[in-house]
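Listed here are the chains, written in short residue letters.
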Amino acid sequence: MHILLTYDVNTTTPEGQRRLRHVAKLCEGYGQRVQQSVFEIVTDQAGLLTLLDHITRTIADDEDNIRVYRLPAEGFTKVQTLGKAGLIPHNDPLIM
Amino acid sequence: MTELLNSLYIQTPGASLHLEHDAVRVRIPDDDQRRTLPLRRLDAIVVYGHVHLSTELLSRCADDGRDVVWMSAGGRFRSRLQGPVRGNVLLRHAQHLTHADLAARLRIARSIIAGKIQNSRQILLKGARDTNTATTKTELRDKAATCADYLAESQQATDLDQLMGWEGKTAEVYYTGLALLLNPNNDTGPLVGRSRRPPRDPVNSLLSFLYGLTRSHAHGALEQVGLDPYVGFLHGIRPGKPSLALDLMEEFRPVLADRLAVTLLNRKQIRAEHFEYQPPAQEADTVAPAGDHERAVHLTEDGRKIVLSEWQQWKQRQWRHKQLKRDVPAALLPVVQSRILARHLRGELPDYLPWSPT
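Procedures and definitions
Residues numbered from 1 in each chain as written. Chains lettered and ligands numbered in written order. Predicted model: local features only at pLDDT ≥ 70, side-chain atom pairs only at ≥ 80, totals over all residues. Heavy atoms only, no water. Pairing = 2+ DSSP bridges. Helix = DSSP H or I, 4+ residues; strand = E, 2+ residues; numbered from the N terminus. Contact = heavy atoms within 4.5 Å. Axes fitted to C-alpha atoms, helices over the stretch in contact; angles between N-to-C directions. Expected span 1.5 Å × (residues − 1). Buried < 20%, exposed > 50% of the residue type's maximum accessible area, 1.4 Å probe, protein only. 1 Å grid on protein atoms, 1.4 Å probe; cavity = no way out; pocket = protein on both sides within 12 Å on 5 of 7 lines; lining within 4 Å. Points joined across faces, edges and corners; volume = space filled by probe spheres on them. Nonpolar A, V, L, I, M, F, W, Y, C, P; charged D, E, K, R; others polar. pLDDT = per-residue confidence, 0-100. Core = buried A, V, L, I, M, F, W, Y, C linked by side-chain atoms within 4.5 Å. Buried area = accessible area lost by both parts, 1.4 Å probe. Salt bridge = Lys/Arg side-chain N within 4 Å of Asp/Glu carboxyl O. Polar contact = N/O pair within 3.5 Å; in protein donor to acceptor, adjacent residues only side chain to side chain. Phe/Tyr/Trp six-rings, centres within 6.5 Å; stacked < 30°, edge-to-face > 60°. Lys NZ or Arg CZ within 6 Å of the ring centre and 35° of its normal.

Caption draft 1: Representation of the sheet that holds strand 7 (residues 67-71) of chain B in the model. Reading across the sheet, the 5 strands line up as 5(A)-1(B)-5(B)-7(B)-8(B) and stay open at both edges, with mixed pairing between neighbours. In this open sheet, the two edge strands, each paired with only one partner strand, are strand 5 (94-95) of chain A together with strand 8 (77-80) of chain B. As paired elements, strand 7 of chain B and strand 8 of chain B share 3 bridges and run antiparallel to each other. Its bridge partner being in strand 8 of chain B, Val69 of chain B is matched across the sheet by Arg80 of chain B. Those strands touched by helix 6 (residues 202-225) of chain B are strand 1 (6-10), strand 5 (42-48), strand 7 and strand 8 of chain B, and its axis lies near 20° from that of strand 8 of chain B.

Caption draft 2: Spatial organisation of helix 1 (residues 14-28) of chain A. With 15 residues, helix 1 of chain A should cover 21 Å at 1.5 Å per step; its first-to-last C-alpha distance of 21 Å lies within 8% of that length. All buried positions along helix 1 of chain A are accounted for by Gly16, Arg19, Val23, Ala24, Leu26, Cys27 and Glu28 of chain A.

Caption draft 3: Broad picture of the layout of surface pockets. All names here are of chain B. When its volume is computed, the largest pocket comes out at roughly 1,200 Å³. At the level of elements, strand 8, helix 3 (102-130), helix 5 (160-181), helix 6, helix 7 (243-250), helix 8 (253-266) and strand 10 (297-299) are the ones that each hand at least two residues to the lining of the largest pocket. Residue composition of the lining of the largest pocket, by class: 17 nonpolar, 15 polar and 14 charged.

Caption draft 4: Quick peek at empty space enclosed by the protein. All names here are of chain B. As enumerated under the stated definition, the model contains 4 cavities of 30 Å³ or more in all. Every residue lining the second largest cavity is listed: His217, Leu256, Trp311, Trp314, Lys315, Ala330, Ala331 and Pro334. Per-element tally for the lining of the second largest cavity: the top contributor is helix 9 (residues 301-316), with 3 residues.

Caption draft 5: Highlighting the confidence of the model for chain A. On average, residues of chain A carry a pLDDT of 85, and 91% of them reach 70 or more. Element-level pLDDT for chain A is lowest in strand 5 of chain A, with a mean of 72, against a maximum mean of 91 in strand 4 (residues 65-70) of chain A.

Caption draft 6: Region of interest: the nonpolar core. Among the nonpolar cores identified, the biggest contains 82 residues, and Leu178, Leu206, Leu210, Leu213 and Leu227 of chain B are the most heavily contacted of them. Those residues in contact with Leu210 of chain B that lie beyond four places of it in its chain are Ala257, Leu260, Ala261, Val307 and Trp311 of chain B. Grouped together as the second largest cluster of nonpolar side chains are 21 residues, Met96 of chain A together with Ile28, Val51 and Cys61 of chain B included.

Caption draft 7: Layout of the interface of chain A and chain B. With 15 residues of chain A in contact, the opposing surface of chain B contributes 28 residues. Around 1,900 Å² of area is buried between chain A and chain B when both sides are counted, 54% of it from carbon and sulfur atoms. Of all residues in chain A, Leu94, Ile95 and Met96 of chain A give up the largest surface area on contact with chain B, accounting jointly for 41% of the area buried on that side. Counting across the interface, chain A meets chain B through 1 salt bridge. The partner of Lys25 of chain A in a salt bridge is Glu20 of chain B, with the nearest N and O atoms 3.2 Å apart. Put simply, the parts of the chain that give the side of chain A that touches chain B at least two residues each are helix 1, strand 2 (31-35) and strand 5 of chain A. In this sheet, strand 1 of chain B lies alongside strand 5 of chain A in parallel orientation, the contact comprising 2 bridges. Bridge pairing in strand 1 of chain B places Ile95 of chain A opposite Tyr9 of chain B.

Caption draft 8: Up close: the side chain of Ser243 of chain B. All names here are of chain B. By the secondary structure assignment, Ser243 is in helix 7. At 3.0 Å, the side chain of Ser243 forms a polar contact with the backbone nitrogen of Gly232. Not counting the four nearest positions on each side in its chain, Ser243 is found in contact with Pro229, Tyr230, Val231, Gly232, His235, Gly236 and Ile237.

Caption draft 9: Spotlight on the packing of aromatic side chains. For the coordinates displayed, the defined rule picks out 7 aromatic pairs over all chains. With a centroid separation of 6.2 Å and an interplanar angle of 25°, the aromatic rings of Tyr7 of chain A and Phe39 of chain A are classed as stacked. One end of the pair, Tyr7 of chain A, is in strand 1 (residues 2-8); the other, Phe39 of chain A, is in strand 3 (residues 38-42), with 32 residues separating them in the sequence. With relative accessibility at 0%, the residue Phe39 of chain A sits in the buried group. Here the aromatic residues Phe252, Trp314, Trp319 and Trp355 of chain B are joined through ring pairs into a cluster of three or more. Here the guanidinium or amino end of Arg253 of chain B rests over the ring plane of Tyr211 of chain B, the centre of that ring lying 4.6 Å away.

Right, here's the structure in full:
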């Protein structure tokens with residue numbers, strides 16, 4: 001399934017900056033960063049549950065804010081972008 | 001069924017890969033863009049030529065059972081990362097017992113050859129259907145008929161040498177047939193027989209590159225199922241020779257590699273400009289080349305990029321599997337066939353049945 005995950009982590013304290021880095025690292029293990037705090041993630045139910053569990057244990061409930069959107073099937077193929085944002089190929093060949 | 005995950009191919013010389021938590025970070029020289037890819041979306045990392053992988057990344061891949069394959073810049077298989085040997089000892093024991101039983105070994109070898117010849121025939125017949133020239137059509141049908149005769153003969157073989165003899169005779173007919181499928185207007189030149197180690201013309205070099213990819217797939221599939229890739233039935237056992245992987249890839253060569261090669265050449269996606277001739281006697285295991293036509297030919301970096309991108313799509317194509325009665329993506333066919341082989345070795349299936357399209 002295709003997931004859009006956005007986060008707002010309060011970075012006014014060093015502790016908050018640490019949480020921000022941690023959340024970003026977790027998300028990098030699951031998907032592609034498309035904006036500063038927005039990730040496109042392709043995963044299955046089990047993967048999503050694991051990720052959300054890790055995030056729950058990382059963030060501060062009264063300061064941080066995570067939003068998870070489940071997109072319709074193949075949702076990332078219908079993204080419209082403007083400006084310098086490019087489309088992220090999720091299932092295309094990865095050749096570098 | 002296992003989900004078909006993506007493979008990461010790295011071919012830029014000087015690139016380096018590092019582990020960052022659950023992601024792999026790719027650094028490309030002269031490019032400051034930050035690239036990370038989630039490891040859990042990758043089932044294999046394939047690197048060509050000079051690429052650096054960090055020790056942390058390698059140990060993580062070994063732990064997860066993710067394939068890491070090293071290929072030479074020209075596409076020849078170099079090595080694979082081998083994780084811990086898994087505990088499927090009963091299956092491996094059955095495999096060794098079967099290998100020691102000459103009659104059982106011959107039976108499996110016959111199936112493998114039957115699969116290969118049958119699939120080769122299909123390529124020639126499909127070519128005959130697609131061609132507009134009447135003479136080529138007849139010629140291809142004749143060659144396919146010869147292959148059918150050899151197929152019947154090979155099944156009467158009473159030892160492995162005879163069987164290999166029929167395989168060789170079929171290959172000769174088959175490659176002359178494959179040559180007819182190529183558009184004569186291609187600037188890559190014709191296919192004049194098979195040459196390898198090193199390939200001496202562009203078409204052979206493309207075939208070798210695709211065989212390398214097919215082979216690493218077969219090898220990975222066997223390990224995934226828990227079979228020992230080094231104990232084969234058709235190809236004898238020799239130190240360092242993954243003979244079961246070579247056995248398993250036979251039935252996939254025509255459909256997975258040859259047909260893709262013909263398509264790429266005839267669509268002119270791969271042209272003469274995508275090949276380079278190696279300076280004479282560069283590689284240690286090459287016999288001293290005599291003239292220009294003896295020199296090894298390799299795909300260029302751009303050429304490899306095109307082939308890999310097409311291969312990646314080709315792997316996703318669904319093929320009918322008769323025994324399973326459902327469609328299977330090409331990339332998972334070797335896994336399915338390894339499971340069928342494992343079931344035969346355990347005595348759950350009377351015979352090993354090779355896969356064949358249609």
